Amino acid sequence: MSKRIERLVELFPGATSVADIGCDHGYSSILLAKKGKAEKIIACDIGESPLESARNNIRKEGLTNKIQCRLGNGLEPLKPFEVEALLISGMGGPLITEIVEKRIEEFSLAVFSPQSDFSNFRRFLAEKMEVLKEEYLEEGGKFYRLFLAGKKEKKAETAARSYVEWEYGWIPLQQKDPVLKALLEKEKRQYGEILEKRQVEEVRNKLAVIEEALGFYREK
């Protein structure tokens, strides 16, 4: 079991029912069931092969009474308001947005781990839900962003954020997330090396954003 899947499940506070979208081999669904995080779990995937693998893994764990497997694209296998919560990871930010944007009001809780376009995904999520937690995780030399979001009050307005907060996340910056700091220091070295070879304005601007982010860690 990967550290990322374990942390995603830990981050999820629990719900009556949850859908694991893009469940792949069913590991997240299995861990959700083992940890008692939901009474009903629906594992969905667009591919028949990974879903069959998930079915076999669920059967081996003796969890067929807790986890249903459904074939289909995105949220299509789910009836409207069938589940209370969502878990989606391992997809790009634009794809997650496309999957959930028309039905996001159905869910009171969601855990997401997008693989790309993080700034735009934060903007989308902050507009549609309340971002309760965001943290960084490093595994196998790769950095992951993990989000927990809840239902947004209808009257609540999206808070004004600075560019660096949209870029790296206001919660991990304010909480001085040590994994984010490691990422920032790595990016600073990488972009610094590029700037030494070629004076590119875009790289210089990126370094300025990284320095601004690192400034959060110098604040008391």
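Conventions used here
- Residues numbered from 1 in each chain as written.
- Predicted model: local features only at pLDDT ≥ 70, side-chain atom pairs only at ≥ 80, totals over all residues.
- Heavy atoms only, no water.
- Helix = DSSP H or I, 4+ residues; strand = E, 2+ residues; numbered from the N terminus.
- Rg over C-alpha atoms; globule rule 2.2 N^0.38 Å.
- Buried < 20%, exposed > 50% of the residue type's maximum accessible area, 1.4 Å probe, protein only.
- Areas by Shrake-Rupley, 256 points an atom, 1.4 Å probe, with all protein chains shown as cover.
- Lys, Arg positive; Asp, Glu negative; His and termini not counted.
- Charge placed at Lys NZ, Arg CZ, Asp CG, Glu CD.
- Pairing = 2+ DSSP bridges.
- Axes fitted to C-alpha atoms, helices over the stretch in contact; angles between N-to-C directions.
- Contact = heavy atoms within 4.5 Å.
- Salt bridge = Lys/Arg side-chain N within 4 Å of Asp/Glu carboxyl O.
- Phe/Tyr/Trp six-rings, centres within 6.5 Å; stacked < 30°, edge-to-face > 60°.
- Arc of directions from axis to C-beta.

A separate point is the overall build of the protein. Helix and strand counts for the protein come out as 9 helices and 7 strands. For 220 residues, the compact-globule formula gives about 17 Å, and the C-alpha radius of gyration of the protein, at 19 Å, lands near that figure. Referenced to the eigenvectors of the C-alpha coordinate spread, the extents of the protein come out at roughly 60 × 40 × 30 Å. Across the 220 residues of the protein, 51% fall into the buried class. With the model as given, the accessible surface of the protein reaches about 11,400 Å², and the carbon-plus-sulfur share is 47%. The positive charge centre, built from 37 side chains, and the negative charge centre, built from 37, are 2 Å apart in the protein.

The next thing to look at is the sheet that holds strand 7 (residues 142-151). Through backbone hydrogen bonds, the strands of a sheet pair up, either in parallel or in antiparallel fashion. In spatial order, the strands read 3-2-1-4-5-7-6; together these 7 strands make up an open sheet with mixed pairing. The sheet is open, and its two edges are formed by strand 3 (67-71) and strand 6 (129-139), each paired on a single side. On average, each strand axis in the sheet is inclined to that of its neighbour by 15 degrees, with strand direction left out of account. Pairing of strand 5 (residues 109-114) with strand 7, which is carried by 4 bridges, proceeds in the antiparallel orientation. Looking across to strand 7, one finds that Phe112 is bridged to Phe147. Here helix 1 (residues 3-11) sits on the sheet and contacts strand 4 (85-91), strand 5, strand 6 and strand 7; the angle it forms with strand 6, its principal contact strand, is near 155 degrees.

A few words on unusual backbone geometry. With a phi close to 60 degrees, Phe81 is a non-glycine residue in the positive phi region. Mapped onto the elements of the fold, Phe81 is located in the loop between strand 3 and strand 4. The exposure class assigned to Phe81 is exposed, which follows from its relative accessible area of 54%. Of note, the phi angle at Asp117 is positive, near 55 degrees, even though the residue is not glycine. Structurally, Asp117 is set in the loop between strand 5 and helix 5 (118-128). Residue Asp117 is classed as partly exposed on the basis of its relative accessible area of 35%.

A separate point is the pattern of salt bridges. Tallied over the entire structure, the rule returns 13 salt bridges. Between Arg7 and Glu135 there is a salt bridge whose closest N-O contact spans 2.5 Å. Residue Arg7 is located in helix 1, and its partner Glu135 is located in strand 6; the two are separated by 128 residues in the primary sequence. What makes Arg7 partly exposed here is its relative accessible area of 24%.

A separate point is the packing of aromatic side chains. Tallied over the entire structure, the rule returns 4 aromatic pairs. Pairing Phe121 with Phe147 gives two aromatic rings, centres 5.5 Å apart and planes at 65 degrees, and the pair type is edge-to-face. Note that Phe121 is positioned in helix 5 and Phe147 in strand 7, a separation of 26 residues in sequence. Comparing Phe121 with Phe147, the two get one shared label, buried. Centre to centre, the rings of Trp166 and Trp170 are 5.3 Å apart; their planes meet at 85 degrees, and the pair counts as edge-to-face. We note that Trp166, like Trp170, is buried. An aromatic cluster is present here, built from Phe112, Phe121, Phe124 and Phe147 joined pairwise through their rings.

Each turn of an α-helix holds 3.6 residues, which means side chains three or four residues apart point in the same direction. When helix 1 is considered as a whole, its buried residues turn out to be Arg4, Ile5, Leu8, Val9 and Leu11. Along helix 1, the residues classed as buried sweep out an arc of 160 degrees about the axis, all on the same side. In the core, the buried residues of helix 1 are packed alongside helix 2 (27-34), strand 4, strand 5, strand 6 and strand 7.

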